[in-house]
Amino acid sequence: AQKITQTQPGMFVQEKEAVTLDCTYDTSDQSYGLFWYKQPSSGEMIFLIYQGSYDEQNATEGRYSLNFQKARKSANLVISASQLGDSAMYFCAMRVYNNNDMRFGAGTRLTVKP
Amino acid sequence: NAGVTQTPKFQVLKTGQSMTLQCAQDMNHEYMSWYRQDPGMGLRLIHYSVGAGITDQGEVPNGYNVSRSTTEDFPLRLLSAAPSQTSVYFCASSPKGWAHSKGSEAFFGQGTRLTVV
């Protein structure tokens, strides 16, 4: 089964600055998707961004972008212009195409400082 | 549109008791899953289903049972609760298709906080 690694248990960033949250993955499959979710203190899981393994361009959704380096098996989340409301847990996840076995990393707790 | 609904939101059990966590979705999704979330360990997959009548084990299936008799419902049963099963449980659903723009991201319920004493 695939494995997701997030090596940063906690990160701090100054408001209005950009921050990169790291994610590496391991799979032998060629067709897969990578997902990032945000979990605020209220506990719900909020989908942020998706990158397909065959997508040639890095995904972007508003202030979120995904720095996808397929050869290095990394899918880092970049948040630009951080806001106080970005303080939350962030999870990287992966699923192989047409498979419901979706695995998550341990998460990174991001704190945005005013 | 309700999405994914989990009940109950909170539960306290005594060791050895059994219970069922309910999960229902109204989006006609083929895929449904159960995760548990523990501090420092992210979300770990317990069981998942790719359609009615089809279930499979995830990373941490021991102590849990599932069944999927309808597309909408995917209950999780704790057979004999143990303190190690104290956790937050999430149910998720997603469509089977692989949409180009969003893959097939999972939609999550609000979670069930379970304490076993």
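Residues numbered from 1 in each chain as written. Chains lettered and ligands numbered in written order. Predicted model: local features only at pLDDT ≥ 70, side-chain atom pairs only at ≥ 80, totals over all residues. Heavy atoms only, no water.

**Quick look at the interface of chain B and chain A**
In many reports, interface size means the accessible area that the parts give up when they come together.
Okay, step 1: Across the boundary between the two partners, chain B contributes 29 residues, which contact 24 residues of chain A.
Okay, step 2: Taken over both partners, the interface formed by chain B and chain A buries close to 2100 Å², and the fraction arising from carbon and sulfur atoms is 56%.
Okay, step 3: Counting across the chain B and chain A interface gives one salt bridge.
Okay, step 4: For B:Glu59, the salt bridge identified is with A:Arg103, shortest N-O distance 3.6 Å.
Okay, step 5: In this assembly, chain B and chain A are joined by eight residue pairs in polar contact (both at pLDDT 80 or more).
Okay, step 6: Mapped onto the side of chain B that touches chain A, the elements with two or more residues apiece are strand 4 (31–38), strand 5 (42–51) and strand 9 (87–94) of chain B.
Okay, step 7: No other element matches the six residues that strand 5 of chain B contributes to the side of chain B that touches chain A.
Okay, step 8: Counted by class, the side of chain B that touches chain A contains 13 nonpolar, twelve polar and four charged residues. (Contact = heavy atoms within 4.5 Å. Buried area = accessible area lost by both parts, 1.4 Å probe. Salt bridge = Lys/Arg side-chain N within 4 Å of Asp/Glu carboxyl O. Polar contact = N/O pair within 3.5 Å; in protein donor to acceptor, adjacent residues only side chain to side chain. Helix = DSSP H or I, 4+ residues; strand = E, 2+ residues; numbered from the N terminus. Nonpolar A, V, L, I, M, F, W, Y, C, P; charged D, E, K, R; others polar.)

**Observations regarding the side chain of A:Gln8**
Okay, step 1: Within the secondary structure, A:Gln8 is located in the loop between strand 1 (3–5) and strand 2 (10–14).
Okay, step 2: Every residue in contact with A:Gln8, bar those within four places of it in the chain, is listed here: A:Thr20, A:Leu21, A:Asp22, A:Gly107 and A:Thr108.

**What to know about the pairing of strand 6 (residues 54–57) of chain B**
All names here are of chain B.
Okay, step 1: In the sheet, strand 5 pairs with strand 6 via four bridges, with the strands oriented antiparallel. What sits directly across from His47, in strand 6, is Gln57.
Okay, step 2: Joining the antiparallel neighbours strand 5 and strand 6 is a turn of two residues, in which Gly53 adopts a positive phi near 85°. (Pairing = 2+ DSSP bridges.)

**As for the side chain of B:His29**
Residue and element names in this part refer to chain B.
Okay, step 1: One can find His29 in the loop between strand 3 (19–25) and strand 4.
Okay, step 2: Looking at His29, its side chain comes within polar contact range of the side chain of Ser93, at 2.8 Å.
Okay, step 3: For His29, the side chain forms a polar contact with the main-chain nitrogen of Ser94, separated by 3.4 Å.
Okay, step 4: Among all residues touching His29, those that are not within four sequence positions of it are Arg68, Thr71, Ser93, Ser94, Pro95 and Phe107.

**Things to note about the sheet that holds strand 3 of chain B**
Residue and element names in this part refer to chain B.
Okay, step 1: Taken in spatial order, the four strands line up as 1-3-8-7 in an open sheet, and their pairing is antiparallel. Each of the sheet's edge strands pairs with one partner strand only, and the pair in question is strand 1 (4–7) and strand 7 (64–66). The sheet shows a mean angle of 20° between the axes of neighbouring strands, taken without regard to direction. (Axes fitted to C-alpha atoms, helices over the stretch in contact; angles between N-to-C directions.)

**Looking at the nonpolar core**
Okay, step 1: Within the largest apolar cluster, 24 residues are counted, with the highest numbers of intra-cluster contacts made by A:Tyr25, A:Trp36, A:Ile49, A:Leu77, A:Tyr90 and A:Leu110.
Okay, step 2: Those elements giving two or more residues to this core turn out to be strand 3 (19–21), strand 5 (32–39), strand 6 (46–52), strand 8 (64–69), strand 9 (74–79), strand 10 (88–96) and strand 12 (108–113) of chain A.
Okay, step 3: When residues of this core are assigned to their parent elements, the largest contribution, four residues, is made by strand 10 of chain A.
Okay, step 4: Counting 19 residues, the second largest nonpolar core, distinct from the first, contains A:Met89, B:Leu43, B:Leu45 and B:Tyr48. (Core = buried A, V, L, I, M, F, W, Y, C linked by side-chain atoms within 4.5 Å. Buried < 20%, exposed > 50% of the residue type's maximum accessible area, 1.4 Å probe, protein only.)

**Comments concerning the state of the cysteines**
Okay, step 1: All told, the structure shown has two disulfides over all chains when counted by the stated rule.
Okay, step 2: The partner cysteine of A:Cys23 in its disulfide is A:Cys92, sulfur to sulfur 2.0 Å. Where A:Cys23 bonds to A:Cys92 through sulfur, the torsion about that S-S bond is close to -65°, and the disulfide is left-handed. Residue A:Cys23 is located in the loop between strand 3 and strand 4 (24–26), and its partner A:Cys92 is located in strand 10; the two are separated by 69 residues in the primary sequence. Side by side, A:Cys23 and A:Cys92 carry an identical accessibility label, which is buried.
Okay, step 3: Through a disulfide, B:Cys23 is tied to B:Cys91; the S-S separation comes to 1.8 Å. Here B:Cys23 and B:Cys91 share a disulfide; its torsion about the S-S bond, -70°, makes the bridge left-handed. With B:Cys23 in strand 3 and B:Cys91 in strand 9, the pair connects residues that are 68 residues apart, well separated along the chain. Note on accessibility: B:Cys23 and B:Cys91 belong to one class, buried. (Disulfide = S-S within 2.5 Å.)

In short, geometric facts, not functional conclusions.
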